[in-house]
Amino acid sequence: MVSTPLAFNAQAPQTLDMLPQTAPSAEKAGLRVVTQNRLALGLISAKLPDGEMLRMSSLRQFSGTQALYKPGEDKKQLTNVQTGTIYRPNMDTGFYQAVNAQGEWQAGKLSPGFTVGIGWGNFLRVLHDEGIQKPFLSIFVWTVVFALLTVALTVAVGMVLACVVQWEELRGKAAYRIPLILPYAVPAFISILIFKGLFNQSFGEINLMLSALFGIKPAWFSDPWTAKSMIIIVNTWPGYPYMMILCMGLLKAIPDDLYEASGMDGATPMQNFFRITLPLLIKTADAADDRRSAFNLNNSALIQTADQRRAGHARHHYTSGSYRSAGQPHLSHRL
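Structural notes, computed from the coordinates. (Residues numbered from 1 in each chain as written. Predicted model: local features only at pLDDT ≥ 70, side-chain atom pairs only at ≥ 80, totals over all residues. Heavy atoms only, no water.)

Brief notes about the nonpolar core
Met-159, Ala-162 and Leu-281 are the most contacted members of the largest nonpolar core, which totals 18 residues. At the level of secondary structure, the elements contributing two or more residues to this core comprise helix 4 (130-165), helix 8 (224-253) and helix 10 (269-284). Looking at this core element by element, the count peaks at seven residues for helix 8. Setting aside anything within four residues of it in sequence, one finds Ala-162 in contact with Met-244, Cys-247, Met-248 and Leu-251. Among the nonpolar cores identified, the runner-up in size contains 13 residues, and Phe-146, Ile-192, Trp-220 and Leu-302 belong to it. (Core = buried A, V, L, I, M, F, W, Y, C linked by side-chain atoms within 4.5 Å. Buried < 20%, exposed > 50% of the residue type's maximum accessible area, 1.4 Å probe, protein only. Helix = DSSP H or I, 4+ residues; strand = E, 2+ residues; numbered from the N terminus. Contact = heavy atoms within 4.5 Å.)

What to know about the packing of aromatic side chains
Across all of its chains, the model carries nine aromatic pairs by this definition. Relative to Tyr-242, the ring of Tyr-184 has its centre 6.0 Å away and its plane inclined at 40 degrees; by these criteria the two rings are tilted. One end of the pair, Tyr-184, is in helix 5 (residues 173-185); the other, Tyr-242, is in helix 8, and 58 residues separate them in sequence. Tyr-184 gets classed as partly exposed once you look at its relative accessible area, which sits at 44%. Seen in terms of ring centroids, Phe-195 and Trp-237 are 5.7 Å apart; in terms of plane orientation they differ by 65 degrees. Their pairing is edge-to-face. One end of the pair, Phe-195, is in helix 6 (residues 188-198); the other, Trp-237, is in helix 8, and 42 residues separate them in sequence. A network of ring pairs unites the aromatic residues Phe-195, Phe-199, Trp-220, Trp-237 and Tyr-240 as a single cluster. Positioned over the ring face of Phe-95 is Lys-109, at 4.4 Å from the centre of the ring. In this structure, Lys-228 is placed above the aromatic ring of Trp-225, and the distance from its NZ or CZ to the ring centre is 4.7 Å. (Phe/Tyr/Trp six-rings, centres within 6.5 Å; stacked < 30°, edge-to-face > 60°. Lys NZ or Arg CZ within 6 Å of the ring centre and 35° of its normal.)

What to know about the pairing of strand 9 (residues 105-110)
Strand direction decides the pairing type here: strand 8 (residues 95-99) and strand 9, joined by three bridges, are antiparallel. Residue pairing in the sheet places Val-99 in a bridge with Trp-105 of strand 9. Hairpin connection, strand 8 to strand 9: the antiparallel pair is bridged by five residues, and Gly-103 has positive phi, about 80 degrees. (Pairing = 2+ DSSP bridges.)

Below, the structure written as structure tokens:
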């Protein structure tokens, strides 16, 4: 089959009438030429003598194309042209579903579905569907525990380090302060990837040290409890410098008279910390704690980056768990 000569046009479609003739003896175009003109070739349709249309299917081939499903006369059903199966829209499920000769619903359905209004259906499924209820409750509880533990650790570590750095007897405070603030300057994404390498079960430095000192190699990525511990540790690292800087500023606002009076009463440094420093810092840092809690409740990027596809329900964050559930075919059509 040969067509008449033509000029490539990448702006408008072209239809070529194919005639049964002997192929010319000219040299075939190279792959480079075909690639350069693939847009124009994609707009070309070749019409055979029997009326069948051929279109570009690859860089070296034109082939006939036909829709797999043909709409019915009422425009409300689809028919598989290969098997003859009839599909009709099921307004309860939001899918085109197969029907038999009696019009009864069959198991087969087409994906993706279409949007249907189900009201409170998805929220009720969380309460009644065990396949969603159990993972959702465990993920939600873990998310709250994760947020609270992370905030508690960042506040504790930041507060203790701030008190140490602000200690009057300590010399070279700047030399200690700068390295402790550096994790706050490093993007969290980079810190997470670094810790992911450090916690590697076979070659990570943390397991190598634990194996040399105690003869243990925790399965940080496969065991749910150690994975949760790892995630809390990793999330504490970029968070404590913020609390340390905040507490360093708050320590300056505490009057020295309070410590002088307690010293005259014979108070120890630990009594000063728990009865003067800690209550005053906690009262002022409440707003920052709320901010960190809200951030951690939505910090699904940590789970996805640190644990990736190995994160099961046991350590999923509720936002990452919701994302996975929403991506399932049975929920993709629902409002």
